[in-house]
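A look at the structure
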Amino acid sequence: LSAIARQIRNEKNYSLRVSGEGRDEVGSLITDFNTMLYEIQSRDSELRENRSQLEERVMQRTRELEIANSELAISKEQAESVARRMEYHAHHDALTGLPNRILLNDRITTQLAHARRKQGMVAVLFLDLDRFKIINDSLGHAVGDQLLRVIARRLGKCVREEDTVARLGGDEFM
């Protein structure tokens, strides 16, 4: 009985049984010991099954969370992209891609503050295309739009990189 108990403890093998029979106390002890081993073996088997099921559930939930995290990352990236596009469209002219009045005002304010600190100067040029309406009326708005894009590119090439060329609307540039 003692040898089997040590073997079970060392090997964690609950399928081992003590052999022997009898109607005396030793026989009852062997029967009770084997019954206890059977119950331990059954519970151990049940625990292994439950552990296996739990590990499978954890793996499944982990896969689900990985998929959800991936979808969230994609959604976040898309939302950030939309936010960047909205920010761009809020501050740039749709036709020419130049800064609009809002962004121009912000840049002028910044440059005026910088000039005050450095005791410098700021120059602003307002450009209005005379008789532009005639181009739209005679050649069409598509040609007028194309002309505005060309003018925007040419104005951009006439200034330094740190300068701002903006379209205020219609045929007005600064």
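Before any of the text, the structure's been laid out above.
Residues numbered from 1 in each chain as written. Predicted model: local features only at pLDDT ≥ 70, side-chain atom pairs only at ≥ 80, totals over all residues. Heavy atoms only, no water.

Side note on the sheet that holds strand β1 (residues 127-128)
The sheet built from 3 strands is open, its strands ordered β1-β3-β2 with antiparallel pairing. Only two strands of the sheet have a single partner each, and these edge strands are β1 and β2 (167-169). In this structure, β1 lies alongside strand β3 (residues 172-173), joined through 2 bridges in antiparallel fashion. Residue pairing for β3: Leu127 is matched across the bridge by Phe173. (Pairing = 2+ DSSP bridges. Helix = DSSP H or I, 4+ residues; strand = E, 2+ residues; numbered from the N terminus.)

Section: the pattern of salt bridges
In this structure the tally under the stated criterion is 9 salt bridges. When the shortest N-O distance is used, the salt bridge between Arg48 and Asp44 registers 2.2 Å. Residue Arg48 and its partner Asp44 are both found in helix α2 (residues 25-91); the two are separated by 4 residues, about one turn of the helix. In this structure, the salt-bridge partner of Lys133 is Asp137, at a minimum N-O distance of 2.7 Å. Taken as a pair, Lys133 and Asp137 lie in helix α4 (residues 132-139) at a separation of 4 residues, close to a single helical turn. In this pair, the class of Lys133 matches that of Asp137, namely exposed. Connected through salt bridges with shared partners, the residues Arg160, Glu162 and Asp163 form a single ionic network. (Salt bridge = Lys/Arg side-chain N within 4 Å of Asp/Glu carboxyl O. Buried < 20%, exposed > 50% of the residue type's maximum accessible area, 1.4 Å probe, protein only.)

Notes on the packing of α4 against helix α5 (residues 141-157)
In the contact formed by α4 and α5, the axes pass within 6 Å of each other and the chain directions differ by 140 degrees. Considering the angle they form, α4 stands oblique to α5. On α5, the residues touching Phe132, Ile135, Asn136 and Leu139 of α4 are His141, Val143, Gly144, Leu147 and Leu148. Considering only residue class, the contact of α4 with α5 consists of 6 nonpolar, 3 polar and no charged. (Axes fitted to C-alpha atoms, helices over the stretch in contact; angles between N-to-C directions. Parallel < 35°, antiparallel > 145°, perpendicular 65-115°, else oblique. Contact = heavy atoms within 4.5 Å. Nonpolar A, V, L, I, M, F, W, Y, C, P; charged D, E, K, R; others polar.)

Some details on α2
With 67 residues, α2 extends 95 Å between its outermost C-alpha atoms, agreeing within 8% with the 99 Å of an ideal straight helix rising 1.5 Å per residue. Along α2, the residues that are buried comprise Gly27, Ile30, Phe33, Asn34, Leu37 and His91. Here the buried face of α2 lies against α1 (2-11) and α3 (101-118). (Expected span 1.5 Å × (residues − 1).)

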